[in-house]
2 protein chains.
Amino acid sequence: MPELRKDPVLGRWIIIAKNRGKRPTDFPIEDSPVTGGFCPLCPGNESFTPPEVLSFSGGDDPSNQSGWQVRVVPNKFPALVIEGDLAKEGIGLYDKMNGIGAHEVIVESPNHDESFSDLPLERMCLVFQAYRERILDLEKDSRFKYVMVFKNHGQAAGASLEHSHSQLIALPIVPRMIVSELQGAESYYNYKERCIYCDIIRQEINQDERVVCQNELFITIMPFAPRTPFEMWILPKNHSSSYRRQSDAELFSLAELVSRSLKMLTTCIPNVPYNFVLHTGPLRTDGLLHFHYHFEIVPKLTSIAGFEWGSGFYINPMPPEEAAAFLRESLEKAEEGETDEKNTTG
Amino acid sequence: MPELRKDPVLGRWIIIAKNRGKRPTDFPIEDSPVTGGFCPLCPGNESFTPPEVLSFSGGDDPSNQSGWQVRVVPNKFPALVIEGDLAKEGIGLYDKMNGIGAHEVIVESPNHDESFSDLPLERMCLVFQAYRERILDLEKDSRFKYVMVFKNHGQAAGASLEHSHSQLIALPIVPRMIVSELQGAESYYNYKERCIYCDIIRQEINQDERVVCQNELFITIMPFAPRTPFEMWILPKNHSSSYRRQSDAELFSLAELVSRSLKMLTTCIPNVPYNFVLHTGPLRTDGLLHFHYHFEIVPKLTSIAGFEWGSGFYINPMPPEEAAAFLRESLEKAEEGETDEKNTTG
């Protein structure tokens, strides 16, 4: 049984995934790329994953067979397990509980070589709908307080399988990063009676230095104090604290802007590894006036990352205003290129 | 001029090192090892670094020439600059100030190939004395609130030069990680009237599951909720909030235990990359009853590190009790090996 343990000074919870028990020599110092070979996420190999919990298909295909466009399955090597009770326990000044939770894999495409940013909008929208449906379902389990949805793209960002996928982890605690955001945003709200993220969106649109792109319902900005070069936040323009309350139309608009933002990023920096993380309100909270759900894209570029990771202190060699300008430029060039091509071939 | 910027939600300060301005194509996706070639930290090449601010030598050698055993120089490519005023400024809801600070390199050995963990105790003690002397000197500058001392060992942990060195950064703010530790420890003290770290040391000695090693004055433990496999904390057994108040004798004892702990780690996992970070009280604070200075060693081993880095949530596949047992075992084997060798050759 994995364990959740709390750092007594910082209040930070971590998962000890005992069932993944390893010897010291099992940790590779140099990562070797995982490419080629058998892929358990490809169509036809459905029997090599646990039975699916959700799938979207174009037709009437029976479940656990080929024909799906997006498929959600429990992680075969879960960090947390679904059966059992929390058994909260104190050991002297330490706190722990059983590692109860859900750990699922969202297979984003039936095509092994198709990357997330290249998905057609209709299919990217299915991925965002799958996130929503799974959160709504897991919310029914009263043991869970938060569902964390994230995507690791590229090996440097932690991806262990080539086939494009995201993951979700349902947790009996709210992660520290989200607790800190909730507290910071609440303290601003108590003082100003305004949502800090709504204020950020207004200021960014007025200043127009760090806006990457926007559509009617969503906006992508580089944050004022980014941890890494090209860090981006994607926020709904209309205040909303809960991702799971978004309509299909809103999710389609989100897919359009995420797709455009990632295309700008990968045009500018081909093969960039990144983490894509949903920050939303805790389960069974709704209509929080002070919190605003959003996605964060954190590229993994700087070789000094090791330092920040150990120390919690960030040095970023690229001002976000410059990074945003680079992205907008690269989009213009790409569009000119397309126009040139059309003119030449037309 | 670099800038310090504050995230308005989290209160996290980051450095935008504008003077390191780069184009998107300047970020390597795959790190290539930096080995061989000219080394600016080697004896004889003193003129290739800025003039030294401190050096310890065995004899009466004049400064900025060979003969030193430990040498401190300003970083040639500093993340912060020493000249100027803070010019604190608000831009709408954002806060920033000039990136004023010191960024120095502590060259730990005159020998290019000698690693930190292999330094003889007398010379490792000089490194710890150099940390202390530089903190005491930088404290005189009233613009600075904290001196961060850290070491990146191995490329995966962010080291950019082979020659063994640590770094220090004097900051006009207290980093968020330290602020959180101070707050957590103070809230415990207000409730219990005891230092939480003193309580941790007592409980660890009693439980004897996560103690790696100890001597008269210091103890190395694996924390109860470690972020990574083999994370270690080294704490003074006698309560002390300020590293800079440690005597030469105390620093010698610290060197002995750090040396032993790192030898155990590198015996168990050869070539392990790690970050080594001093957590001490802010400048011009003394005798804090609730805070306890310590060093944290954070190995960079798990390939899932990318995820934790982007999300702030940690999954650790190795319980600290098992990791501590592995280290103690590997020490026993190494000692048996030495005894066998002596018996065979003796």
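Remember, predicted model here, so these are calculated numbers, not experimental data. (Residues numbered from 1 in each chain as written. Chains lettered and ligands numbered in written order. Predicted model: local features only at pLDDT ≥ 70, side-chain atom pairs only at ≥ 80, totals over all residues.)

To continue, consider the overall build of chain A. Secondary structure assignment for chain A yields six helices and 15 strands. Across the 346 residues in chain A, those meeting the buried criterion constitute 48%. Within chain A, counting contacts between residues at least 6 apart in sequence, those at least 24 apart form 68% of the total. (Helix = DSSP H or I, 4+ residues; strand = E, 2+ residues; numbered from the N terminus. Buried ≥ 20, exposed ≤ 12 C-beta atoms within 10 Å, placed from the backbone. Contact = placed C-beta atoms within 7 Å.)

What follows concerns helix 2 (residues 176–192) of chain A. Residues and elements named next belong to chain A. Spanning 17 residues, helix 2 covers 24 Å between terminal C-alpha atoms, matching the ideal 24 Å at 1.5 Å per step. In the core, the buried residues of helix 2 are packed alongside strand 8 (146–153), helix 3 (196–207) and strand 13 (274–279). E193 sits one or two residues past helix 2 and shows a positive phi near 60 degrees. (Expected span 1.5 Å × (residues − 1).)

All right, on to the sheet that holds strand 15 (residues 314–316) of chain A then. Spatial ordering of the open sheet is given by 15(A)-2(B)-1(B)-6(B)-5(B), a layout of five strands whose pairing is mixed. A strand with exactly one partner marks an edge of an open sheet, and here the two such strands are strand 15 of chain A together with strand 5 (89–91) of chain B. When strand polarity is set aside, the average angle formed by the axes of neighbouring strands in this sheet is 30 degrees. Pairing of strand 5 of chain B with strand 6 (residues 94–98) of chain B, which is carried by three bridges, proceeds in the antiparallel orientation. Residue pairing for strand 6 of chain B: G90(B) is matched across the bridge by D95(B). (Pairing = 2+ DSSP bridges. Axes fitted to C-alpha atoms, helices over the stretch in contact; angles between N-to-C directions.)

Another point: helix 3 of chain A. Residues and elements named next belong to chain A. Between its first and last C-alpha atoms helix 3 spans 16 Å; for 12 residues at 1.5 Å apiece the expected length is 16 Å, and the two agree. Those residues of helix 3 that sit buried are I196, Y197, I200, I201 and E204. In a view along the axis of helix 3, the buried residues occupy a sector of 140 degrees, so they form one face of it. Contact partners of the buried residues in helix 3: helix 2, strand 10 (211–214), strand 11 (218–221), strand 12 (232–236) and strand 14 (294–299). (Arc of directions from axis to C-beta.)

Residues and elements named next belong to chain A. Sheet architecture is open: 10 strands sit in the order 3-4-7-9-8-13-14-12-11-10, paired in antiparallel fashion. The strands lining the two open edges of the sheet, one partner per strand, are strand 3 (54–57) and strand 10. The mean angle between the axes of side-by-side strands here comes to 15 degrees, regardless of whether they run parallel or antiparallel. Note: strand 12 against strand 14, three bridges, orientation antiparallel. When the sheet's bridge partners are listed, M232 is paired in strand 14 with I297. Running over the sheet, helix 4 (residues 248–268) touches strand 10, strand 11, strand 12 and strand 14 and is turned about 140 degrees from strand 10.

Bringing the environment of F224(B) into the picture now. Inspection of the secondary structure puts F224(B) in the loop between strand 11 (218–221) and strand 12 (232–236). In this structure, F224(B) is in contact with R5(A), Y94(A), R210(B) and P320(B), ignoring residues within four places of it in sequence.

Turning to the packing of helix 1 (residues 121–138) of chain A against helix 4 of chain A, a few remarks are in order. All names here are of chain A. It is at 8 Å that the axes of helix 1 and helix 4 come closest, and there the two elements cross at 120 degrees. As far as their axial angle goes, helix 4 and helix 1 are oblique. The way helix 1 lies across helix 4 gives a crossing that is right-handed. For the pair helix 1 and helix 4, the contacting residues are L121, M124, C125, F128, Q129 and R132 in the first and D248, L251, F252, L254, A255, E256, V258 and S259 in the second. When its residues are assigned to classes, the contact of helix 1 with helix 4 shows nine nonpolar, two polar and three charged. (Parallel < 35°, antiparallel > 145°, perpendicular 65-115°, else oblique. Left-handed = near helix turned anticlockwise from the far one by under 90°. Nonpolar A, V, L, I, M, F, W, Y, C, P; charged D, E, K, R; others polar.)

All right, on to the confidence of the model for chain A then. Of the residues in chain A, 88% have a pLDDT of 70 or more, and the chain-wide mean is 89. With a pTM of 0.91, the predicted complex shows an ipTM of 0.88. (pLDDT = per-residue confidence, 0-100.)

Regular strands show a simple pattern: their side chains alternate between the two faces of the sheet. Residue and element names in this part refer to chain A. Alternating residues of strand 11 divide into F218 and T220 and I219 and I221, and every residue in both groups is buried. Alignment of strand 10 against strand 11, held across three bridges, turns out to be antiparallel. What sits directly across from Q214, in strand 11, is I219. Hairpin connection from strand 10 to strand 11: three residues lie between these consecutive antiparallel strands.

This part takes up the pairing of strand 14 of chain A. Residues and elements named next belong to chain A. The buried fraction of strand 14 is high, at six of six residues. Residue alternation in strand 14 divides its side chains into two sets, H294, E296 and V298 and F295, I297 and P299, and both sets are buried. Sheet topology places strand 13 next to strand 14; six bridges connect them, and they run antiparallel. Bridging from a neighbouring strand, F276 pairs with I297 of strand 14.

Let's shift gears to the environment of A170(B). All names here are of chain B. Mapped onto the elements, A170 comes out in strand 9 (residues 165–171). Taking C-alpha positions, A170 is 8.6 Å from I100, a pair spaced 70 residues apart along the chain. Discounting chain neighbours no more than four positions away, the residues touching A170 are G101, A102, L138, F144 and V147.

What follows deals with unusual backbone geometry. Leaving glycine out, the prevailing phi sign among residues is negative, and the prevailing peptide bond configuration is trans. All names here are of chain A. Positive phi, normally seen in glycine, also occurs at F230, with a value near 70 degrees. As for its placement among the helices and strands, F230 is situated in the loop between strand 11 and strand 12. Residue F230 is classed as buried on the basis of its 26 C-beta neighbours within 10 Å. The backbone of R284 shows a phi angle near 60 degrees, a positive value even though the residue is not glycine. As for its placement among the helices and strands, R284 is situated in the loop between strand 13 and strand 14. The exposed category is assigned to R284, around which 11 C-beta atoms lie within 10 Å.

Before going further, it helps to examine the environment of E296(A). Residue and element names in this part refer to chain A. Position of E296 relative to the elements: it lies in strand 14. Measuring from C-alpha to C-alpha, the distance between E296 and M232 comes to 5.8 Å, with 64 residues separating the pair along the chain. Once residues lying within four places of it in the same chain are set aside, the contact partners of E296 are W233, V277 and H279.

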